[in-house]
Amino acid sequence: MKKYYAYGAALVLLSAAPAANADWSVTVTGATDYMFNGVSQTNNDPAFQASLDYAADNGVYAGMWTSNVDYGDDADQELDGYFGHFVQLSDSLSLDYGIAYYSYHGGNDSSALNYGEAYSKFAYTWAQGTSEANFWYAWDYFGTGAGHTIVEVAHTISLAENHALRFSADSSNSLDGDKYMWDVDGTSYQHYKVAWLTSWMGFDIEVAAENTTLDIDTADERIVLAVSRTFAF
């Protein structure tokens, strides 16, 4: 889930919908980096991630997701919980909305980073692929007390059977620069990503090229590989 999705978690080829009639599932992921909106959460090192998810027939879903992290302090593990609802509004339009809570562990003060977030994701499937408009709002971003928003637009096109390209651009915006900023005076930054999605022998594979407008070594241009496997039961 964290944070998509998107929010480095499960890799989905042309749909943001939870797996229909899957009930329970476990997904494990190995990635060359854990990227959140173009910023490494593992100090440019690899990540191992896992999730436990439940999806009901009526579109309600819930789950937990975890990954190693490295922020240069004692926090070394992230554990997220989320609850949401996927709605097929029409043959072409869907809505995914919910709430998530991100918690951090490993040190005495790690919990100071904890925060909650609400999200809504719209997807429209048409002849040229699937277009998305996604929104996130946190009222206490990383425990700083600052409000924070993320706005993303994306489009996925099918290249061939079992091969797709996803283009995305998102903007992260701090609503209180006195409490949380990027760079020296930056209250916002932009992130761009192109990802090739495929699957092989039951493994979902994403190879992504991404960059941001930030001038820091954990948010510069890079290629990220993620391989995941989902087990439904």
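Let us look at the structure shown here.

1. A few points about the nonpolar core
Piece 1. With 26 residues, the main nonpolar core has Tyr115, Tyr141 and Phe142 as its most contacted residues.
Piece 2. Elements with a minimum of two residues in this core: strand S4 (47-55), strand S5 (60-68), strand S6 (77-88), strand S7 (93-105), strand S8 (115-126) and strand S9 (129-138).
Piece 3. It is S7 that provides the largest number of residues to this core, a total of 3 residues.

2. A few points about the sheet that holds strand S13 (residues 203-212)
Piece 1. What the 12 strands build is a closed barrel, ordered S1-S4-S5-S6-S7-S8-S9-S10-S11-S12-S13-S14; its pairing is antiparallel. When the angles between neighbouring strand axes are averaged without regard to direction, this sheet yields 20°.
Piece 2. Sheet topology places S5 next to S6; 9 bridges connect them, and they run antiparallel. Residue pairing across strands places Ala62 opposite Phe83, the latter belonging to S6.

3. A few points about a negative patch on the surface
Piece 1. Together, Asp73, Asp74, Asp76 and Asp109 make up a region of like negative charge exposed at the surface.
Piece 2. Within the secondary structure, Asp74 sits in the loop between S5 and S6.
Piece 3. A residue is classified by how much of its surface remains accessible, and Asp74, at 55% relative accessible area, is exposed.

4. Here we look at the pattern of salt bridges
Opposite charge on two side chains allows them to pair when their charged atoms are near.
Piece 1. Within this structure, the stated rule accounts for 6 salt bridges.
Piece 2. The salt bridge involving Lys179 is made with Asp176; its shortest N-O contact spans 3.7 Å.
Piece 3. Relative accessible area serves as the criterion here: at 46%, Lys179 is assigned to the partly exposed category.
Piece 4. The class of Asp176 is partly exposed, set by a relative accessible area of 23%.
Piece 5. Salt bridges sharing partners connect three or more residues here, namely Asp33, Asp220 and Arg222.

Here is what the cut-offs are and how they apply
Residues numbered from 1 in each chain as written. Predicted model: local features only at pLDDT ≥ 70, side-chain atom pairs only at ≥ 80, totals over all residues. Heavy atoms only, no water. Core = buried A, V, L, I, M, F, W, Y, C linked by side-chain atoms within 4.5 Å. Buried < 20%, exposed > 50% of the residue type's maximum accessible area, 1.4 Å probe, protein only. Helix = DSSP H or I, 4+ residues; strand = E, 2+ residues; numbered from the N terminus. Pairing = 2+ DSSP bridges. Axes fitted to C-alpha atoms, helices over the stretch in contact; angles between N-to-C directions. Patch = residues over 30% accessible without salt bridge, like charges linked within 9 Å, V, L, I, M, F, W, Y side chains within 5 Å. Areas by Shrake-Rupley, 256 points an atom, 1.4 Å probe, with all protein chains shown as cover. Salt bridge = Lys/Arg side-chain N within 4 Å of Asp/Glu carboxyl O. Lys, Arg positive; Asp, Glu negative; His and termini not counted. Charge placed at Lys NZ, Arg CZ, Asp CG, Glu CD.

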